[in-house]
Amino acid sequence: MFDLNSVSEVITAAKAAAKSDADTARLAISVLDLTSLNDDDTVEKIEALCDRAQSPAGNTAAVCVYAPFVETAWRALGQSGVKTATVVNFPAGGANAQRVGDETADAVAKGADEVDLVLPYKAFLAGDIQTVIDVIEATRMACGPMTTMKVILESGEFDDLSKVYDAARLAIKHGANFVKTSTGKVPVGATPEAAVAMITAIRDAREEDGLACGFKASGGVKTTDDAALFLAIADEIMGEGWAEPATFRFGASGVLTALLETCGIDPASVPRTTGNY
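To start, this report covers the structure provided alongside it. (Residues numbered from 1 in each chain as written. Predicted model: local features only at pLDDT ≥ 70, side-chain atom pairs only at ≥ 80, totals over all residues. Heavy atoms only, no water.)

Observations regarding the overall build of the chain
Now for step 1: For the chain, the helix and strand inventory stands at eleven helices and ten strands.
Now for step 2: Whereas a compact globule of 277 residues would reach a radius of gyration of roughly 19 Å, the chain reaches 17 Å, a difference of no more than 12%.
Now for step 3: In terms of its C-alpha atoms, the chain occupies a principal-axis envelope of roughly 50 × 45 × 30 Å.
Now for step 4: For the chain, buried positions account for 55% of its 277 residues. (Helix = DSSP H or I, 4+ residues; strand = E, 2+ residues; numbered from the N terminus. Rg over C-alpha atoms; globule rule 2.2 N^0.38 Å. Buried < 20%, exposed > 50% of the residue type's maximum accessible area, 1.4 Å probe, protein only.)

Structure (structure tokens):
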């Protein structure tokens with residue numbers, strides 16, 4: 001059971017501990033999934049995104065693009081070590097497991113290292129848990145053992161943090177490598193409250209079930225202060241040093257400019273993209 005009374009306590013402690021300094025900014029860059037999921041994306045824009053992911057302050061963890069641009073990103077990133085990520089069942093979170101499995105298999109075949117699946121959150125909220133399990137498991141099977149699967153809960157559409165916690169536990173139980181807040185396509189994206197619920201679920205899954213899972217904050221992470229708070233929440237719940245690319249991510253585009261500025265680097269020296277994620 002999720003203790004709602006703990007949320008404000010964790011956030012208060014995290015705000016007191018958060019440091020918006022260059023060290024935090026460099027850590028945030030290292031766990032960033034630099035993202036462009038826009039209707040006007042082009043090959044040239046994705047190539048620029050991949051250049052930007054290899055910054056003077058260090059490489060980002062991944063770039064996240066629509067499936068038609070996976071091969072473009074994979075080629076542009078070369079031997080940089082930056083992963084290529086894409087989205088499936090995006091953004092609506094449909095309920096057709098076969099379709100989502102096929103979509104995932106196609107993305108993996110194109111070279112995706114990581115797949116961000118939108119949970120059938122409307123089905124979950126309606127109590128249709130079997131449909132949710134079917135979609136997650138079909139995606140897990142299509143990913144295979146080598147491809148990272150992140151499950152997007154769309155937490156801003158939930159009316160109860162306990163449900164966010166329960167959805168995260170369900171996703172972890174059925175194979176999620178990460179649980180992620182938002183698609184960035186609804187009014188409410190990542191919030192500190194949702195982060196507490198989801199990271200608590202990660203901790204409890206580890207302690208109760210022996211399952212490892214990471215956390216990804218996406219949708220509305222725009223400043224170094226934003227990044228610092230989410231990292232501090234992770235420290236508060238999971239222990240200092242837990243947040244690294246294997247366990248923690250940000251999904252964003254514009255925040256890289258703020259992080260570079262915090263590192264004392266002129267963002268103008270880094271290729272620009274126009275993503276609004």
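Notes on the pairing of strand β5 (residues 83–88)
Now for step 1: Counted residue by residue, β5 has five buried out of six residues, so it is predominantly covered.
Now for step 2: Bridging between β5 and strand β6 (residues 114–118) involves four bridges; their strand directions are parallel. When the sheet's bridge partners are listed, T86 is paired in β6 with V115.
Now for step 3: Handedness of the crossover joining β5 and β6 through helix α5 (residues 97–110) is recorded here as right-handed. (Pairing = 2+ DSSP bridges. Right-handed = clockwise from strand over helix to strand, strands pointing away.)

Examining the environment of Q54
Now for step 1: You can see Q54 is positioned in strand β2 (residues 54–55).
Now for step 2: A relative accessible area of 31% places Q54 in the partly exposed class.
Now for step 3: Along the chain, Q54 and L77 lie 23 residues apart, while their C-alpha atoms are 8.5 Å from each other.
Now for step 4: In contact with Q54, not counting residues within four places along its chain, are N59, A76, L77, S80 and V82.
Now for step 5: A distance of 3.0 Å separates the side chain of Q54 from the backbone oxygen of C50, its partner in a polar contact. (Contact = heavy atoms within 4.5 Å. Polar contact = N/O pair within 3.5 Å; in protein donor to acceptor, adjacent residues only side chain to side chain.)

Here's the deal with the nonpolar core
Now for step 1: Ranked by internal contacts, the top residues of the largest apolar core, which has 93 residues, are V63, L119, V179, F215, I233, F248 and F250.
Now for step 2: Of all the elements, helix α10 (residues 224–238) adds the most residues to this core, at nine residues.
Now for step 3: Filtering out sequence-adjacent residues up to four positions away, V63 remains in contact with L34, L49, C50, A53, A73, L77, V82, K83, T84 and A85. (Core = buried A, V, L, I, M, F, W, Y, C linked by side-chain atoms within 4.5 Å.)

A word on the pattern of salt bridges
Now for step 1: Under the criterion given, the structure shown has 15 salt bridges.
Now for step 2: With a shortest N-O distance of 2.8 Å, R249 and E114 are connected by a salt bridge. Here R249 is found in strand β10 (residues 248–252), whereas its partner E114 is found in strand β6, with 135 residues between them in sequence.
Now for step 3: The closest approach of N and O atoms between D209 and R169, which form a salt bridge, is 3.0 Å. (Salt bridge = Lys/Arg side-chain N within 4 Å of Asp/Glu carboxyl O.)

Observations concerning the state of the cysteines
Among covalent bonds in proteins, the disulfide is the one between the sulfur atoms of two cysteines.
Now for step 1: A full pass over the atoms with the stated rule returns zero disulfides.
Now for step 2: For C143, which is in no disulfide, the shortest distance to another cysteine sulfur is to C64 and amounts to 13 Å.
Now for step 3: Left unpaired, C213 is separated from the closest cysteine sulfur, that of C143, by 13 Å. (Disulfide = S-S within 2.5 Å.)

Observations regarding the sheet that holds strand β8 (residues 178–180)
Now for step 1: Spatial strand order, β1-β4-β5-β6-β7-β8-β9-β10: eight strands in a closed barrel with parallel pairing. Direction aside, neighbouring strands of the sheet carry axes that sit 25° apart on average.
Now for step 2: Its contacts with the sheet place helix α4 (residues 70–77) against β4 (62–65) and β5, and it is angled at close to 170° to β5. (Axes fitted to C-alpha atoms, helices over the stretch in contact; angles between N-to-C directions.)

A word on the packing of helix α9 (residues 192–209) against α10
Now for step 1: It is the contact of α9 with α10, at a shortest axis distance of 10 Å, that shows an interaxial angle of 30°. Helix-helix and strand crossings are classified by hand; for α9 and α10 the assignment is right-handed. In contact with P192, A195, V196, I199, T200, I202, R203 and R206 of α9, α10 contributes L229, F230, I233, A234, I237 and M238. (Left-handed = near helix turned anticlockwise from the far one by under 90°.)

Quick word on α4
Now for step 1: Listed as buried for α4 are V70, T72, A73 and L77. The arc that holds the buried residues of α4, viewed along the axis, is 160°, so those residues lie on one side.
Now for step 2: Where α4 ends, the next residue or the one after it, G78, has phi of about 50°, a positive value. (Arc of directions from axis to C-beta.)

Thoughts on the packing of aromatic side chains
Note on aromatic pairs: each is described by the distance of the centres and the angle between the planes.
Now for step 1: One pass over the structure, following the stated rule, counts six aromatic pairs.
Now for step 2: With centroids separated by 6.0 Å and ring planes inclined at 75°, the aromatic side chains of Y66 and F90 adopt a geometry described as edge-to-face. Separated by 24 residues along the polypeptide, Y66 in the loop between β4 and α4 and F90 in the loop between β5 and α5 bring together distant segments of the chain.
Now for step 3: For F90, a relative accessible area of 17% corresponds to the buried category.
Now for step 4: Judged by centre distance (5.9 Å) and plane angle (40°), the rings of F124 and F158 are tilted. Taken together, the residues F124 in helix α6 (residues 121–125) and F158 in the loop between β7 (148–152) and α8 (161–173) connect sequence positions 34 residues apart. (Phe/Tyr/Trp six-rings, centres within 6.5 Å; stacked < 30°, edge-to-face > 60°.)

By themselves these figures say nothing about function.
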